Amino acid sequence: MRAEFTKLRGVRGTFVALLLFAPASLFLSALGGWSARKAIESDNPLLRSDFTPEQTGMDGVLYGQLALIVFAVLLVSSEYSSGMMRVSLLAVPRRGRLYLAKTAVTAAAAVAVAIPVTVLGYLLTQFALGPHGAGIDTSGVPRALAGAVVYLTMMSLFAAGVASTARGAVVPLAVLLPMVLAGSQILSTIGATKEMVRYLPDRAGMRMLTVGSDDAPTGFAVLLAWTVVALAAGWLRHRRWDG
């Protein structure tokens, strides 16, 4: 575990990706709140019909999660691509222990940044909304904030599992980033795929961030299943890695 935390801090790209999560999420939270306030005060018809200040407070971390996904992929895949995995296996011959340490550090780092950023992002959005904002103790908000932390952690672990399965960063990033950024949203507008999209990891997990939703447990279960499968596949590939 100490070695994995050292690698996290020592590999610049991985550490920068983790650090970028905070400014990206907070900037987007403030921008979203400010834009919504302007739209409300000018009666802009472009303001989405389902707008609520509580739900808008969750939007920043949904886009900021892209940095966490990059972080998780790089943390796991960098040693495969550089060949340094051989050195790690010499130090820790038990592959299960090494894989568990990597996934544990991924989860710990995700939780460490997700908790403060999620709360601060919500508060920043409400501050930007001004008189149109809602308190953090509004009904449903604390549960949605907790759901956001769980969602971000599980998506990071899912990305780590995919990266371990692929033994590289290119394929996971090429698949996961477009999916989270726009892919699932586009597919949800197509009749043939609309129902299927509900069971994709990001779309299912987003139900945990929905304020007042009764479907959060289902979303958690679906995302948990995706995460377990990805981590199990990553473990099998890691176990058979031969350099």
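Predicted model only: the values in this text are computed from it and were never measured.

Roughly 320 Å³ of internal volume is contained in the second largest pocket. Taken together, 19 residues form the lining of the second largest pocket, with Ala3, Glu4, Lys7, Glu79 and Ser88 sitting closest to its centre. Breaking the lining of the second largest pocket down by element, the ones donating at least two residues are helix H1 (2-10), helix H4 (59-82), helix H5 (85-91) and helix H6 (95-129). When its residues are assigned to classes, the lining of the second largest pocket shows ten nonpolar, four polar and five charged.

The next point concerns the nonpolar core. Formed by 49 residues in total, the largest nonpolar core has its most connected members in Phe21, Phe71, Tyr151 and Leu209. Going through the elements one at a time, helix H2 (12-41), H4, H5, H6, helix H7 (141-166), helix H8 (170-187) and helix H11 (216-239) are the ones with two or more residues in this core. Residue contributions to this core peak at 13 residues, all from H7.

The sites that carry the UniProt feature "transmembrane region" (unreviewed entry) are, in the present numbering, residues 62-78, 99-124, 144-163, 170-192 and 216-236. Secondary structure across residues 62-78 divides into 100% helix and 0% strand, with the first and last C-alpha atoms of the span separated by 25 Å. As annotated, residues 216-236 has a helix share of 100% and a strand share of 0%, and its two end C-alpha atoms lie 30 Å apart.

Looking at the secondary structure, you find Val229 in helix H11. Under the relative-accessibility criterion, Val229 is labelled exposed at 55%. Each C-alpha atom of the pair Val229 and Gly161 lies 8.2 Å from the other, and the pair is 68 residues apart in sequence.

Where H2 meets H4, the axes come as close as 7 Å, and the angle between the chain directions of the two elements is 175 degrees. Here H2 is positioned roughly antiparallel relative to H4, judged by the angle of their axes. Between H2 and H4, the contacting residues are Gly13, Thr14, Ala17, Leu18, Leu20, Phe21, Ser25, Leu28 and Ser29 on the first element and Gly60, Val61, Tyr63, Gly64, Gln65, Ala67, Leu68, Val70, Phe71, Leu74 and Leu75 on the second. Grouping the constituent residues of the contact of H2 with H4 by class yields 13 nonpolar, seven polar and no charged.

Here H7 is 26 residues long and its end C-alpha atoms lie 37 Å apart, about the 38 Å a rise of 1.5 Å per residue gives. With 19 of its 26 residues buried, H7 lies for the most part within the structure.

One pass over the full model with this rule turns up seven salt bridges. For Lys102, the salt bridge goes to Glu4, with nearest N and O atoms at 3.1 Å. With Lys102 in helix H6 and Glu4 in helix H1, this residue pair connects regions lying 98 residues apart in the sequence. Judged by relative accessible area, which is 3%, Glu4 ranks as buried.

Cut-offs applied
- Residues numbered from 1 in each chain as written.
- Predicted model: local features only at pLDDT ≥ 70, side-chain atom pairs only at ≥ 80, totals over all residues.
- Heavy atoms only, no water.
- 1 Å grid on protein atoms, 1.4 Å probe; cavity = no way out; pocket = protein on both sides within 12 Å on 5 of 7 lines; lining within 4 Å.
- Points joined across faces, edges and corners; volume = space filled by probe spheres on them.
- Helix = DSSP H or I, 4+ residues; strand = E, 2+ residues; numbered from the N terminus.
- Nonpolar A, V, L, I, M, F, W, Y, C, P; charged D, E, K, R; others polar.
- Core = buried A, V, L, I, M, F, W, Y, C linked by side-chain atoms within 4.5 Å.
- Buried < 20%, exposed > 50% of the residue type's maximum accessible area, 1.4 Å probe, protein only.
- UniProt positions renumbered as here; feature names shortened; annotations may be inferred.
- Axes fitted to C-alpha atoms, helices over the stretch in contact; angles between N-to-C directions.
- Parallel < 35°, antiparallel > 145°, perpendicular 65-115°, else oblique.
- Contact = heavy atoms within 4.5 Å.
- Expected span 1.5 Å × (residues − 1).
- Salt bridge = Lys/Arg side-chain N within 4 Å of Asp/Glu carboxyl O.

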